[in-house]
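Analysis of the macromolecular model
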Amino acid sequence: MANPTTENIKEAVNVYNEQNCDGIIGFGGGSAIDCAKGTGIAAAKNTTDFSRFKGVLKVRKKLPYFVAVPTTAGTGSEATIAAVITDSETKEKYAIIDTKLMPDAAVLDPELLLGLPQHMTAFSGMDALTHAVEAYLNRSNTKQTKMLSEEAIELIYDNLYKSYDNGQDIQARTNMQRASYFAGKAFTRAYVGNVHAMAHALGARYNVQHGQAVSIILPYILEEYGEAVHGKLAHLGDIAKVTEEGDSIEVKAEKFIESIKELNTKMDVGTKFKELKNEDLKSLADAAYREANPLYPVPVMFSKSDFIRMYKQLMVS
Ligand SMILES: [Fe+2]
């Protein structure tokens with residue numbers, strides 16, 4: 001399943017009600033787990049009108065007992081209070097954020113990852129990296145979320161390419177699962193940022209895979225942030241072990257951004273979106289702006305024209 005829709009959730013809650021269920025297991029990637037979260041909301045609130053729950057703390061009712069069993073390592077949905085859902089009719093993709101969406105339990109079994117194809121290993125692993133980096137750069141981070149991000153980033157740099165190169169490497173898979181969980185915990189407190197806002201708009205419009213979208217966008221946004229984030233990126237570069245001792249803060253930050261591009265290249269993630277069309281730029285920028293402002297405590301706030309400029313950079317010329 002890619003990008004769960006309100007239609008998917010309606011089907012799932014029909015089964016839930018017909019079978020008199022009293023609990024939900026979300027088994028699969030982030031989209032399957034988000035679909036299960038949506039199903040829990042539909043069951044608890046007895047409605048499939050989801051636009052009511054868009055935004056923060058609109059659910060406010062205990063969901064049926066919910067276990068998340070991720071079969072990818074990256075979305076972090078097993079550790080978060082968010083679900084991202086696409087409206088089947090309007091194609092709008094929005095986040096529902098509420099503490100009630102936190103799974104009652106998460107089962108992290110690395111054996112479930114062994115069959116994950118290479119491209120999904122890459123996309124979901126880079127999604128985890130993006131969660132960790134955006135949470136780390138945000139102004140709402142805490143000592144604890146910073147530690148979670150740092151730990152996730154170290155694990156990702158040590159294990160993502162290994163698990164991409166050899167999908168049967170159970171240790172690398174285990175470590176990526178932990179990284180995904182830590183990054184999920186970090187961003188559920190400290191939020192994601194402009195990378196995710198742009199990726200959600202792209203995903204809703206062209207159904208681009210979420211992890212692929214964020215991994216391509218991440219280095220462009222970090223470059224755009226410039227000096228405002230050099231200190232933090234330099235520190236992350238040290239954690240990722242891509243810097244050298246005598247490097248200046250600026251050089252370390254540049255090396256960290258470069259290392260993200262290198263990971264994308266080594267795992268064949270891509271650098272642009274061939275789907276992007278000039279006539280869509282304004283509505284994409286509007287959607288990204290609506291999502292990011294004022295919700296995300298990003299280090300550099302973007303205007304609508306900033307978002308248009310960033311989308312333009314991502315077009316195949
Ligand atoms: Fe994500």
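Below is a summary of the structure that appears in this document. (Residues numbered from 1 in each chain as written. Predicted model: local features only at pLDDT ≥ 70, side-chain atom pairs only at ≥ 80, totals over all residues. Heavy atoms only, no water.)

Details of the environment of Val269
Among the structural elements, Val269 can be located in the loop between α9 (249-266) and α10 (281-292). It is 25 Å that separates the C-alpha atoms of Val269 and Leu148, two residues lying 121 residues apart in sequence. Not counting chain neighbours up to four residues away, the residues in contact with Val269 comprise Ala122, Phe123, Gln212, Ser215, Ile216 and Asn264. (Helix = DSSP H or I, 4+ residues; strand = E, 2+ residues; numbered from the N terminus. Contact = heavy atoms within 4.5 Å.)

Focus on the packing of helix α6 (residues 194-206) against helix α7 (residues 210-225)
Packing of α6 against α7 brings their axes to within 8 Å, and their N-to-C directions diverge by 140 degrees. As the angle between them shows, α6 and α7 are arranged oblique. The two elements α6 and α7 meet at a crossing, and its hand is right-handed. Counted together, Asn194, Val195, His196, Met198, Ala199, His200 and Leu202 of α6 and His210, Ala213, Val214, Ile217, Leu218, Ile221 and Tyr225 of α7 form the full contact between these two elements. Among the residues forming the contact of α6 with α7, the class breakdown is 10 nonpolar, 4 polar and no charged. (Axes fitted to C-alpha atoms, helices over the stretch in contact; angles between N-to-C directions. Parallel < 35°, antiparallel > 145°, perpendicular 65-115°, else oblique. Left-handed = near helix turned anticlockwise from the far one by under 90°. Nonpolar A, V, L, I, M, F, W, Y, C, P; charged D, E, K, R; others polar.)

Quick look at empty space enclosed by the protein
Summed over the entire model, instances satisfying the criterion amount to 2 cavities of 30 Å³ or more. When its volume is computed, the largest cavity comes out at roughly 40 Å³. Taken together, Val133, Glu134, Leu137, Asn138, Gly193, Val195, Leu218, Ile221, Leu222, Tyr225, Val298 and Pro299 make up the full set of residues lining the largest cavity. Residues of the lining of the largest cavity, tallied by class, amount to 9 nonpolar, 2 polar and 1 charged. If you add up the space inside the second largest cavity, you get close to 40 Å³. As for the second largest cavity, its lining consists of Ala73, Leu113, Leu116, Thr121, Ser124, Ser163, Arg173 and Met176. For the lining of the second largest cavity, the secondary-structure elements that each account for two or more residues are α3 (118-137) and α5 (170-190). The residue makeup of the lining of the second largest cavity, split by class, is 4 nonpolar, 3 polar and 1 charged. (1 Å grid on protein atoms, 1.4 Å probe; cavity = no way out; pocket = protein on both sides within 12 Å on 5 of 7 lines; lining within 4 Å. Points joined across faces, edges and corners; volume = space filled by probe spheres on them.)

Looking at the side chain of His230
Secondary-structure assignment places His230 in helix α8 (residues 230-240). Assessed through its relative accessible area of 16%, His230 is described here as buried. The residues touching His230, leaving out its near neighbours within four places in the chain, are Ile249, Glu250 and Ala253. (Buried < 20%, exposed > 50% of the residue type's maximum accessible area, 1.4 Å probe, protein only.)

Thoughts on the sheet that holds strand β5 (residues 93-97)
Strand order in the open sheet formed by 3 strands is β2-β5-β4, with mixed pairing between adjacent strands. Lying at the two open borders of the sheet, with one neighbouring strand each, are β2 (55-56) and β4 (82-86). Note: β4 against β5, 5 bridges, orientation antiparallel. Paired with Thr86 across the strands is Lys93, a residue of β5. (Pairing = 2+ DSSP bridges.)

Thoughts on the coordination of the iron ion
Binding of the iron ion to the protein goes through Asp127 (OD), His131 (NE2), His196 (NE2) and His210 (NE2), at separations of 2.2 Å. Seen from the iron ion, its 4 donor atoms lie at angles of 86 to 172 degrees, and the figure they make is irregular. Considered as a linear motif, the donors of the iron ion on their single chain read D-x3-H-x64-H-x13-H. Residue Asp127 is located in helix α3, and its partner His210 is located in helix α7; the two are separated by 83 residues in the primary sequence. Among the residues examined, Asp127 registers a relative accessible area of 2% and is labelled buried. (Donors = N, O, S within 2.8 Å, 3.2 Å for Na, K, Ca; no water. Tetrahedral: all angles 85-135°; square planar, octahedral: opposite > 155°, others 65-115°.)

So, the layout of surface pockets
As a volume, the largest pocket reaches approximately 600 Å³. Taken together, 35 residues form the lining of the largest pocket, with Gly30, Asp34, Thr75, Asp127 and His210 sitting closest to its centre. Elements with a contribution of two residues or more to the lining of the largest pocket: α2 (30-45), β4, β5, α3, α5, α6 and α7. For the lining of the largest pocket, the residue count by class is 15 nonpolar, 17 polar and 3 charged. Its volume calculated, the second largest pocket comes out at about 460 Å³. Along the walls of the second largest pocket sit 24 residues, with Glu92, Lys93, Ala287, Arg290 and Glu291 positioned nearest its centre.

With respect to the sheet that holds strand β6 (residues 105-106)
Reading across the sheet, the 3 strands line up as β1-β3-β6 and stay open at both edges, with parallel pairing between neighbours. Edge positions in the sheet fall to β1 (23-28) and β6, since each of these pairs with one other strand and no more. Inspection of the sheet shows β1 paired to strand β3 (residues 65-70) by 6 bridges, in the parallel sense. Across the sheet, the residue bridging to Gly28 is Pro70, located in β3.

Description of the nonpolar core
The nonpolar side chains of a soluble globular protein tend to be buried, and buried together. With 74 residues, the main nonpolar core has Leu276 and Tyr311 as its most contacted residues. If you tally residues by element for this core, the top one is α3, at 11 residues. Not counting residues up to four positions away in its chain, the partners in contact with Leu276 are Leu202, Tyr206, Leu281, Leu284, Tyr311, Leu314 and Met315. Judged by nonpolar contacts, the second largest core, of 22 residues, contains Tyr16, Ala36, Ala83 and Tyr94. (Core = buried A, V, L, I, M, F, W, Y, C linked by side-chain atoms within 4.5 Å.)

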